[in-house]
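Residues per chain, in single letters:
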Amino acid sequence: MSDRATDAARYSPADTPVGAATRFAVEVAAWVLVPWAVGRAVGWIAGVVVLVVIVAATGTFDAVGDKRHEGVTVPAPVRLALEAGLGIGATVAAGYLWGPAGAVPVAVLVVAAAVAGRRRGAWLLQGGGAGA
């Protein structure tokens, strides 16, 4: 079996470039907005701590078969909850920083990521690459 065929069997076949791109955009929005809002509300040190925690969490915790790099394996619902938390956090933070005018575009991005990633989410919840 070629390396490409092995990759296809091992990594999320349900992920799409649009799903991955919108998911990454939500992650970046969360990485910027959540620490910014926390920094404004509590102080810059707390903002830096939150930044380190959320970047480390998104880069470390993976569901089986979902990514090309291996981190700490967690059940698929945990990974999906982490992604949902980032989207909710980014939306709430944008609302805190700029009111509805800031929250609405971020919420639209989060919904677009959820729609674009629905096949991947269903694939993960059905066991994903656990059997591969």
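Right above here is the structure, for reference.
Criteria and cut-off values
- Residues numbered from 1 in each chain as written.
- Predicted model: local features only at pLDDT ≥ 70, side-chain atom pairs only at ≥ 80, totals over all residues.
- Heavy atoms only, no water.
- Axes fitted to C-alpha atoms, helices over the stretch in contact; angles between N-to-C directions.
- Helix = DSSP H or I, 4+ residues; strand = E, 2+ residues; numbered from the N terminus.
- Parallel < 35°, antiparallel > 145°, perpendicular 65-115°, else oblique.
- Left-handed = near helix turned anticlockwise from the far one by under 90°.
- Contact = heavy atoms within 4.5 Å.
- Expected span 1.5 Å × (residues − 1).
- Buried < 20%, exposed > 50% of the residue type's maximum accessible area, 1.4 Å probe, protein only.
- Arc of directions from axis to C-beta.
- 1 Å grid on protein atoms, 1.4 Å probe; cavity = no way out; pocket = protein on both sides within 12 Å on 5 of 7 lines; lining within 4 Å.
- Points joined across faces, edges and corners; volume = space filled by probe spheres on them.
- Nonpolar A, V, L, I, M, F, W, Y, C, P; charged D, E, K, R; others polar.

Q: Sorry if this is basic, but what is going on with the packing of helix 4 (residues 76-98) against helix 6 (residues 118-125) here?
A: When two helices pack together, their arrangement is captured by the angle between the axes and the distance separating the axes. Closest axis-to-axis distance for the helix 4/helix 6 pair is 8 Å, and the angle between their directions is 150 degrees. The angle between helix 4 and helix 6 falls in the class roughly antiparallel. For the pair helix 4 and helix 6, the crossing hand works out as left-handed. Contact residues: helix 4 offers Ala76, Pro77, Arg79, Leu80 and Glu83, while helix 6 offers Arg120, Gly121, Leu124 and Leu125.

Q: Mind showing me how you'd approach helix 5 (residues 100-116) here?
A: Compared with the 24 Å implied by 1.5 Å per residue over 17 residues, the 24 Å span of helix 5 between its first and last C-alpha is a close match. Here helix 5 has its buried residues at Gly102, Ala103, Val106 and Ala113. Relative to the axis of helix 5, the buried residues are bounded by an arc of 85 degrees and lie together on one face. Of the residues in helix 5, the exposed ones pointing more than 90 degrees away from the buried face are Pro100, Ala101, Val104, Val108 and Val111. Buried positions along helix 5 lie against helix 2 (17-41) and helix 4.

Q: Please explain the layout of surface pockets as it appears in this structure.
A: Which parts of space are left empty comes out when a probe the size of a water molecule is rolled across the atoms. In this structure, the largest pocket encloses a volume near 290 Å³. Arg23, Glu83, Ala84, Ala113 and Ala114 are the residues nearest the centre of the largest pocket, which is lined by 16 residues in total. Of all elements in the fold, only helix 2, helix 4, helix 5 and helix 6 reach the threshold of two or more residues within the lining of the largest pocket. For the lining of the largest pocket, the residue count by class is seven nonpolar, four polar and five charged.

Q: Any chance you could explain the environment of leucine 125 here in plain terms?
A: Within the secondary structure layout, leucine 125 lies in helix 6. A relative accessible area of 57% means that leucine 125 is categorised as exposed. For the pair leucine 125 and proline 75, spaced 50 residues apart in the sequence, the C-alpha separation amounts to 8.8 Å. Ignoring any residue separated from it by four or fewer positions in sequence, one finds leucine 125 in contact with Ala76, Pro77 and Leu80.

Q: Any chance you could explain the packing of helix 2 against helix 4 here in plain terms?
A: Between helix 2 and helix 4, whose axes approach to 7 Å, the crossing angle comes to 50 degrees. On the basis of the axis angle, helix 2 is oblique to helix 4. The crossing of helix 2 and helix 4 is left-handed. In this structure, helix 2 uses Arg23, Val26, Glu27, Ala29, Ala30, Leu33, Val34, Trp36, Ala37, Arg40 and Ala41 to contact helix 4, whose residues at the interface are Arg79, Glu83, Leu86, Gly87, Gly89, Ala90, Ala93, Ala94, Tyr96, Leu97 and Trp98. The residue makeup of the contact of helix 2 with helix 4, split by class, is 15 nonpolar, two polar and five charged.

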